Amino acid sequence: AATMLFFGFGCGLPFLLIVGGTLSTWLRDIGLALSLIGLLSFASFFYVLKFLWAPLLDRYALPLLGRRRGWLFVSQVLLMLALLAMAYTNPTEHLSTLIAFVALAAFAGATQDILVDAYRIEIVEQHAQGALAATYTLGYRIGLILGGAMALYFAELFGWQITYTIMAALMSWSMRAWKVIGWEF
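Residues numbered from 1 in each chain as written. Predicted model: local features only at pLDDT ≥ 70, side-chain atom pairs only at ≥ 80, totals over all residues. Heavy atoms only, no water.

With respect to the packing of helix α7 (residues 95-123) against helix α8 (residues 129-158)
Note the following rule: Working convention: axes come from line fits to C-alpha atoms, limited for helices to the stretch in contact. Angles between N-to-C directions cover 0 to 180 degrees. Runs of E in the DSSP output that reach at least two residues are strands. Runs of H or I that reach at least four are helices, and both are numbered from the N terminus. By the definition adopted for this analysis, an angle is roughly parallel if under 35 degrees, roughly antiparallel if over 145, roughly perpendicular if from 65 to 115, and oblique otherwise. A crossing counts as left-handed when the near helix is turned anticlockwise from the far one by less than a right angle, and as right-handed when that turn is clockwise. The contact definition used throughout considers only heavy atoms, calling two residues in contact when any of these lie within 4.5 Å. Under the convention adopted here, Pro, Cys and the residues Ala, Val, Leu, Ile, Met, Phe, Trp and Tyr are nonpolar, Asp, Glu, Lys and Arg are charged, and Gly plus all remaining residues are polar.
Taken N-terminus to C-terminus, the directions of α7 and α8 make an angle of 150°; their axes are 9 Å apart at the nearest point. In this view, α7 runs roughly antiparallel relative to α8, as classed from their interaxial angle. In the crossing of α7 with α8, the sense of the turn from one axis to the other is right-handed. Contacts between α7 and α8 involve Asp113, Val116, Asp117, Arg120, Ile121 and Ile123 from the former and Gln129, Leu132, Ala133 and Tyr136 from the latter. The residue inventory of the contact of α7 with α8, partitioned by class, reads 6 nonpolar, 1 polar and 3 charged.

What follows is the structure in structure tokens.
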């Protein structure tokens with residue numbers, strides 16, 4: 001159950017940072033036009049269309065770590081790196097670069113969601129799915145709060161660069177689930 005709490009946290013934390021209100025607030029703070037901010041909402045389509053590449057993740061395994069672990073590890077690392085890259089990209093000077101990092105983060109986040117859902121379904125019998133789903137949802141909500149309200153608070157105190165750096169670092173906390181379930185790198 002602790003595994004799903006950590007994985008839920010890792011899935012919830014980046015959502016508002018990459019396709020929700022936190023990113024929009026950052027871009028409004030720097031004076032980006034609302035029309036451009038609206039275009040960035042297209043990154044959310046990665047979450048909507050994740051069913052398109054989910055079968056590929058089920059079918060193909062990476063050479064290291066296997067099918068689930070390999071893809072999950074890659075998606076989590078890409079997500080952390082994309083959030084970190086977003087932190088150090090100046091949107092007023094390099095908007096297209098920021099958009100690329102947002103797209104990468106959204107793709108990695110959606111991929112992580114696919115893999116965590118598949119893992120949850122595989123590890124317990126159907127009668128225990130509700131308890132795991134509830135634990136996952138609790139972690140997800142905690143991640144949403146940190147990626148939303150706490151990120152806005154941190155941005156007010158420390159600025160956006162430090163805030164996104166902190167959030168990227170917090171993503172590593174979700175990888176504690178690996179230790180809980182005994183997966184080694």
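Here we look at a nonpolar patch on the surface
For the record, the criterion: Put simply, a patch holds well-exposed residues, over 30% relative accessible area, that have no salt bridge, with like charges counted together within 9 Å and Val, Leu, Ile, Met, Phe, Trp or Tyr side chains within 5 Å. The accessible surface values rely on the Shrake-Rupley method and a 1.4 Å probe; as for residues, cover is taken only from the protein chains in view. In the sections that follow, a salt bridge refers to a side-chain nitrogen of Lys or Arg positioned within 4 Å of a carboxyl oxygen of Asp or Glu.
Among the surface-exposed residues, Leu36, Leu39, Phe42, Phe45, Val48, Leu49, Phe51 and Leu52 lie close enough to one another that they form a single nonpolar patch of about 770 Å² accessible area. Secondary-structure elements contributing two or more residues to the nonpolar patch are α3 (34-40) and α4 (45-48). Mapped onto the fold, Phe51 is located in the loop between α4 and α5 (54-59).

Observations concerning the side chain of Asp113
Quick note on the threshold: With a 1.4 Å probe rolled over the protein chains alone, any residue whose accessible area is under 20% of its type maximum counts as buried; one over 50% counts as exposed, and the rest are partly exposed.
Among the secondary structure elements, Asp113 is positioned in helix α7. Given the relative accessible area of 5%, Asp113 is considered buried. Excluding residues that lie within four positions of it along the chain, Asp113 makes contacts with Cys11, Tyr47, Lys50 and Tyr136.

Quick look at the nonpolar core
Put simply, the rule is: To define a nonpolar core, start from buried Ala, Val, Leu, Ile, Met, Phe, Trp, Tyr and Cys residues and group those joined through side-chain atoms within 4.5 Å.
Ile18, Leu23, Leu83, Met86 and Tyr164 are the most contacted members of the largest nonpolar core, which totals 49 residues. Elements supplying a minimum of two residues to this core: α1 (2-19), α2 (21-29), α3, α5, α6 (67-87), α7, α8 and α9 (160-174). At 11 residues, α7 tops the list of elements feeding residues into this core. Excluding residues that lie within four positions of it along the chain, Met86 makes contacts with Leu17, Ile18, Leu23, Trp26, Leu98, Phe101, Val102, Ala105 and Tyr164.

As for the pattern of salt bridges
In this structure the tally under the stated criterion is 5 salt bridges. For Asp58, the salt bridge is made with Arg67, and the minimal N-O distance between the two is 3.6 Å.

Overview of the environment of Gly38
With respect to the helices, strands and loops of the structure, Gly38 is situated in helix α3. Once the C-alpha coordinates of Gly38 and Ser24 are considered, the two residues, 14 residues apart in sequence, prove to be 8.4 Å apart.

By themselves these figures say nothing about function.
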